[in-house]
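Residue strings, one per chain:
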Amino acid sequence: TQLLEQSPQFLSIQEGENLTVYCNSSSVFSSLQWYRQEPGEGPVLLVTVVTGGEVKKLKRLTFQFGDARKDSSLHITAAQPGDTGLYLCAGGAYSGGGADGLTFGKGTHLIIQP
Amino acid sequence: DVKVTQSSRYLVKRTGEKVFLECVQDMDHENMFWYRQDPGLGLRLIYFSYDVKMKEKGDIPEGYSVSREKKERFSLILESASTNQTSMYLCASSLWGPSEAFFGQGTRLTVV
């Protein structure tokens, strides 16, 4: 069974600060996705990274896929209250069968205080 | 835009009732999934389907069944609802197995 460990589980910081959340595994993934979920809603995809060492930027959010494709990080610069939410990472591992799916981490609850 | 629609946002059911949760996607995706989400436990896969009439058990299938008679529709059935099935239920679809998942808005089910 593939597992994804996210840290920290909870993070509360002031507006304007920077933060990094992590997603780690002992397994290799063919892709790594980050989702953001607001209370009472379903997760929404933010980004997909597929190449070891890949870095993608989405405005103030920077996503990195580890060289060995076992881990990823999400860095937020100058956090804003609108960044508040549950951040989920999900790993995809394609084995060639029809029944592959995603493995989700438990998420990081992020609160940005005004 | 991909749209995944779940039939209800909130449901309250009594213990022992048979409960149907419906999910429809409009992007011709092959794969559909049902998850439940509970505090501290994250998203747990109940069942998934990679083709019409095909289904595979996920990590926690006990007490649930599914139906996929048409490609766009995936139903989750609670055969006899119990209080420990009170949860947020999320449906998702994807083009193929480990590709990006698109989620519905979720159904908050309370069993009393």
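Our subject is the structure that appears above.
Source: prediction; values computed, not measured. (Residues numbered from 1 in each chain as written. Chains lettered and ligands numbered in written order. Predicted model: local features only at pLDDT ≥ 70, side-chain atom pairs only at ≥ 80, totals over all residues. Heavy atoms only, no water.)

Asks: With reference to specific residues and values, describe the state of the cysteines.
Replies: For the structure shown, the criterion picks out two disulfides over all chains. Here A:Cys23 engages in a disulfide with A:Cys89; their sulfurs sit 2.0 Å apart. In this structure, the disulfide formed by A:Cys23 and A:Cys89 twists by about 75° around the S-S bond and is classed as right-handed. Taken together, the residues span a long stretch of sequence, with A:Cys23 in strand 3 (residues 19-24) and A:Cys89 in strand 9 (residues 85-92) at a distance of 66 residues. There is no split in this pair, since A:Cys23 and A:Cys89 are both buried. Here B:Cys23 pairs with B:Cys91 through a disulfide, and the sulfurs are 1.9 Å apart. Between B:Cys23 and B:Cys91, the disulfide has an S-S torsion of -80° and is therefore left-handed. (Disulfide = S-S within 2.5 Å. Helix = DSSP H or I, 4+ residues; strand = E, 2+ residues; numbered from the N terminus. Buried < 20%, exposed > 50% of the residue type's maximum accessible area, 1.4 Å probe, protein only.)

Asks: Which residues make up the interface of chain B and chain A, and what values do they have?
Replies: The interface is formed by 23 residues belonging to chain B together with 22 residues belonging to chain A. Between chain B and chain A, the buried area comes to about 1,700 Å², and carbon and sulfur atoms account for 60% of it. Sorting the residues of chain B by area buried against chain A places B:Leu43, B:Pro98 and B:Glu100 first, and these three jointly supply 28% of that buried surface. Along the contact surface separating chain B from chain A lie one salt bridge. A:Glu41 is the partner of B:Arg9 in a salt bridge, and the nearest nitrogen-oxygen pair spans 3.1 Å. (Contact = heavy atoms within 4.5 Å. Buried area = accessible area lost by both parts, 1.4 Å probe. Salt bridge = Lys/Arg side-chain N within 4 Å of Asp/Glu carboxyl O.)

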